[in-house]
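Architecture and fold: a report
Next come the chains, spelled out residue by residue.
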Amino acid sequence: MGSDLAEESLRSAEKPLAPGLYLVATPIGNLEDITLRALRVLRSADRIACEDTRQTAKLLGHFGIKTPTVSYHMHNEGARSGELLEALRVGGKIAVVSDAGMPGIADPGAMIAAEAIAAGVAVYPIPGANAALSALIASGLPSERFAFCGFLPSKEGARRTFLEGLLAGMRGAGAEDAATQIVYETPHRIVGALEDVVSVFGAAQRVVLARELTKLHEEFLRGTAGGLLAELNARPSVRGEMVLLLGPLAEASTAEGAGGVSLVAEVRGLMAGEGLSEKDALKRVAKARGIGKSDAYREWQRAKS
Ligand code: SAM
């Protein structure tokens, strides 16, 4: 940190909190990920609007913060924001937190921010942990361009349609606009979601699954959609919070169409991406496609010759 920045931080830490709405990021697992500024804002606000007051009570208790809390969640967002805006209009200082990470990112927060802005109230972001960006920066996938799509639809049909739309958009974007796609998914739906990724994008699609970020059992599974599906199917259970990332389309898949990734591209993808032998890659692709090993081998030989 440059000395100007250090001085600025010291100055702002000494000043009383200005009136306004503070959207405060909280840890997504590891309590050390709260920032000094977030703690100061939570301590100095008049009230903290929480997605779940019991959840936030644990965080506040850990840091000895006694600011009063009020619930602010999906089901009372409309009614509660009116009340909070009243307080903000007369110079109140309100902090908004979600259960974890950034408010407004797959969590309540955006509505009150928009209303406060419309009412001429100052809105301050207090940055910190976020699952999507944490997953992206350590995924190994390109991070220059990315799209965050929130949770995948929970119903199978809608999820499939969503993924088909995603693929069409990625194809339409062209190579120079290729972007990594980030979605949130739940442990009980991840296998179904990956099956759909395999059938829409092909088994060779590059994916990363980031589990339990910042927690004791943090894990990154990097490879192809087919490989990851096989890995999860081989586990007795899949648990924890997770982020799924889809890498930009490989040239082979853009050239060959939705669900029409060639067997050769898939096999090569597994050999290059996961270091599988030719035999193992062929076995995996045959299983994912529901074809016999010998058929897969014949197609592979034909394409190679
Ligand atoms: N506001 C949060 C943020 O900034 O990331 C997201 C809240 S959303 C309701 C919860 C979802 O975020 C989880 O189902 C999971 O997909 C993802 N998530 C949250 N914490 C995570 C973690 N520690 N590791 C992996 N994914 C996480």
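Below is a summary of the structure that appears in this document.

Basis of the calculations
Residues numbered from 1 in each chain as written. Predicted model: local features only at pLDDT ≥ 70, side-chain atom pairs only at ≥ 80, totals over all residues. Heavy atoms only, no water. Near = heavy atom within 4 Å. Polar contact = N/O pair within 3.5 Å; in protein donor to acceptor, adjacent residues only side chain to side chain. Helix = DSSP H or I, 4+ residues; strand = E, 2+ residues; numbered from the N terminus. Nonpolar A, V, L, I, M, F, W, Y, C, P; charged D, E, K, R; others polar. Domains from an automatic or database assignment. Core = buried A, V, L, I, M, F, W, Y, C linked by side-chain atoms within 4.5 Å. Buried < 20%, exposed > 50% of the residue type's maximum accessible area, 1.4 Å probe, protein only. Contact = heavy atoms within 4.5 Å.

**Describing the site of the ligand**
- If you check the shell around the ligand, you find 19 residues, and the closest are I105, D107, N130, Y184 and M242.
- Measuring from a nitrogen atom of the ligand, one finds a backbone N or O atom of A100 at 3.1 Å.
- Measuring from a nitrogen atom of the ligand, one finds a backbone N or O atom of I105 at 2.8 Å.
- Where the shell around the ligand is concerned, the elements lending two or more residues are β7 (180-185) and β10 (242-246).
- For the shell around the ligand, the per-class residue count stands at 12 nonpolar, two polar and five charged.
- Shared between two domains, the shell around the ligand holds at least three residues of each, these being domain 1 (13-129) and domain 2 (133-304).

**Section: the nonpolar core**
- Counting 26 residues, the largest nonpolar core has I190, V197, F201, L209, L228, L232 and L244 as its most contacted members.
- Mapped onto this core, the elements with two or more residues apiece are α7 (156-173), α8 (190-201), β8 (206-211), α9 (225-234) and β10.
- The element best represented in this core is α8, accounting for seven residues.
- Not counting residues up to four positions away in its chain, the partners in contact with L232 are I190, V191, L194, L209, L221 and V238.
- Judged by nonpolar contacts, the second largest core, of 17 residues, contains L17, L39, L60 and I65.

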